[in-house]
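Summary of the model geometry
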Amino acid sequence: MSVLDWLLDSDPAIRWQGLRDLTDAPPEMIAAERARTASEGWDARLLSLQGEDGQWAGGACFPADASGWRGLNQGQPWTATLPTLQLLHDFGVDPLSDRVKLAVQRVRNSCRWEHAGQPFFDGEVEPCINGRTVTLGVYFGENVDALVERLVGEQLADGGWNCEAENGSVRSSFATTINVLEGLLAHERGRGGTHESIAARRRGEEYLLERKLLRRKSTGEIVDPSWLQPSFPVRWHYDILRALEYFRSAGTTPDQRLEEAIEFLRSKQQTDGTWPLENTHRGRVHFELEEGDNKPSRWNTLRALRVLRWYEERLP
C-alpha cells in the first residue's frame, strides 16, 4: 500500500483533506467526501458528545469536573468546548451543515468562559485562548471583530504575543504567537481583516522567521527540543510542523529562513514514507485518534506531505 493509499484508507476527516491537498481529485469528489464528516467518523462522534447545556464536558476551556487537574499530574484535560471545537475545525467539518450550525448556536447561547463568564465567542483575557477563539469564530460564522481588535492592541514590541503579558512579561512566546497568527490569518481570509490586523500579522510572522521558527534570537540556541517532535492534536502548543503549516496556509512564497525547519521535518520521515506521532500532549481525551507516540501517524504524515508539497512547488 502506498503512503497516499494508507492516508485515504482512514476517517473522512483525513480522506477529504488528503484528496484536497495531495491529489488532483475534482472538487466535487472532495466536497462529497467532506460532506460525510458531520455524519460519519470522528466529527460525528465529537458532535454527539455535546451536552444538553450546549457545552462539551460542561465547560469552555476546562471540563466542569476538572478543578483539581493540576495536582493529578495527568496533563490538561482536552474534553471541554474549546479543544473540541478546535478538533472539529482541524478535521474540517463542514460549518454549513445543519448539525454543525445547531451545535455552534448552542455554544453561542450557553457557553461561558471560566475567567469571568464572558460569552464564548467574545473571548476572555489570554491571547493564546483568544487567538484560537478568533480562528473558531471565523470558521463557524461568528463575529469576532472586536476580539481581533483586542489582539492587535496586545502585540508586544518584539512582534509577538504572550499570555503572561498581563503579569508583566515583555517578551513574546512562540506558542501564544502561533495561536494569534492563526486567528489573524483566518480573520483576514474570512472577513478581510483590517489594515492594523494585517500589519500585526506580518510583524508576528517576522518574529518567528527571524528566529527560524525554533531558535533564540539572543544566542541562536534551539529554544525547546520538543518543538522538533510534531504532535497532533496540537492543542495550544507550538512545534515546527504547526508553524510550517501556518506559513503554508498563508500561501506566500517560502522564506529562506524556513529552510532549517523544513530540513528537520524531512529528517523525521521514516523509511516507509510516513511520519511518526511524537510528544503527545497528555490529558483526558474524548477518544484516541492514533496508535500512540513513535507509531506512524496519518495526521502528521498528511500535514508534513502538504507542507513539503507547498514548499517545493513555491520555492523560487
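Reference entry: report on the structure contained in this document.

Further remarks concern the nonpolar core. L208, L213, Y238, L244, F247, L258 and L265 are the most contacted members of the largest nonpolar core, which totals 42 residues. Tallying contributions element by element places helix α9 (residues 174-191) first for this core, with 8 residues. When sequence neighbours within four positions are dropped, the list of residues in contact with L265 reads I240, L241, L244, W275, A304, V307 and L308. Within the second largest apolar cluster, 37 residues are counted, among which are I14, L85, V100 and C111.

Okay, α9 next. Between the first and last C-alpha of α9 there are 25 Å, a value that for 18 residues agrees with the 26 Å anticipated at 1.5 Å per step. Residue S173 occupies the N-cap position of α9, its side-chain oxygen lying 3.2 Å from the main-chain nitrogen of A175.

Structurally, S197 can be placed in helix α10 (residues 195-209). The buried category is assigned to S197, whose relative accessible area is 1%. For S197, the side chain forms a polar contact with the main-chain nitrogen of T194, separated by 2.8 Å. Those residues in contact with S197 that sit more than four places away from it in its chain are V148, V152 and L184.

It is generally the case that most residues other than glycine have a negative phi and that most peptide bonds are trans. In this structure, the amide linkage connecting F232 to the following residue, P233, adopts the cis form with an omega of 0°. Take P233: it is sitting in the loop between α10 and α11 (240-250). Not every positive phi belongs to a glycine, and L213 is a case in point at roughly 75°. Within the fold, L213 resides in the loop between α10 and α11.

A word on the pattern of salt bridges. Overall, the coordinates contain 26 salt bridges when judged by the stated rule. Linking D21 and R306 is a salt bridge whose minimum nitrogen-to-oxygen distance equals 2.7 Å. Of this pair, D21 sits in helix α2 (residues 12-22) while R306 sits in helix α13 (residues 298-314), placing them 285 residues apart in sequence. For R306, a relative accessible area of 8% corresponds to the buried category. For E142, the salt bridge is made with R108, and the minimal N-O distance between the two is 2.6 Å. Residue E142 is located in the loop between α7 (127-139) and α8 (145-153), and its partner R108 is located in helix α6 (residues 98-110); the two are separated by 34 residues in the primary sequence. Look at E142 and you get buried, because its relative accessible area is 12%. A single network of salt bridges, built from pairs that share partners, joins R20, D21, E245, R248, R303 and R306.

Following both chains from N to C, one finds helix α4 (residues 41-48) and helix α5 (residues 81-91) inclined at 155°, their axes separated by 10 Å at the closest point. In terms of orientation, α4 lies roughly antiparallel with respect to α5. In the crossing of α4 with α5, the sense of the turn from one axis to the other is left-handed. Judged by residue contacts, W42, D43, L46 and L47 of α4 engage T84, L87, L88 and F91 from α5. Of the residues belonging to the contact of α4 with α5, the class tally is 6 nonpolar, 1 polar and 1 charged.

The rules behind these values
Residues numbered from 1 in each chain as written. Predicted model: local features only at pLDDT ≥ 70, side-chain atom pairs only at ≥ 80, totals over all residues. Heavy atoms only, no water. Core = buried A, V, L, I, M, F, W, Y, C linked by side-chain atoms within 4.5 Å. Buried < 20%, exposed > 50% of the residue type's maximum accessible area, 1.4 Å probe, protein only. Helix = DSSP H or I, 4+ residues; strand = E, 2+ residues; numbered from the N terminus. Contact = heavy atoms within 4.5 Å. Expected span 1.5 Å × (residues − 1). Polar contact = N/O pair within 3.5 Å; in protein donor to acceptor, adjacent residues only side chain to side chain. Salt bridge = Lys/Arg side-chain N within 4 Å of Asp/Glu carboxyl O. Axes fitted to C-alpha atoms, helices over the stretch in contact; angles between N-to-C directions. Parallel < 35°, antiparallel > 145°, perpendicular 65-115°, else oblique. Left-handed = near helix turned anticlockwise from the far one by under 90°. Nonpolar A, V, L, I, M, F, W, Y, C, P; charged D, E, K, R; others polar.

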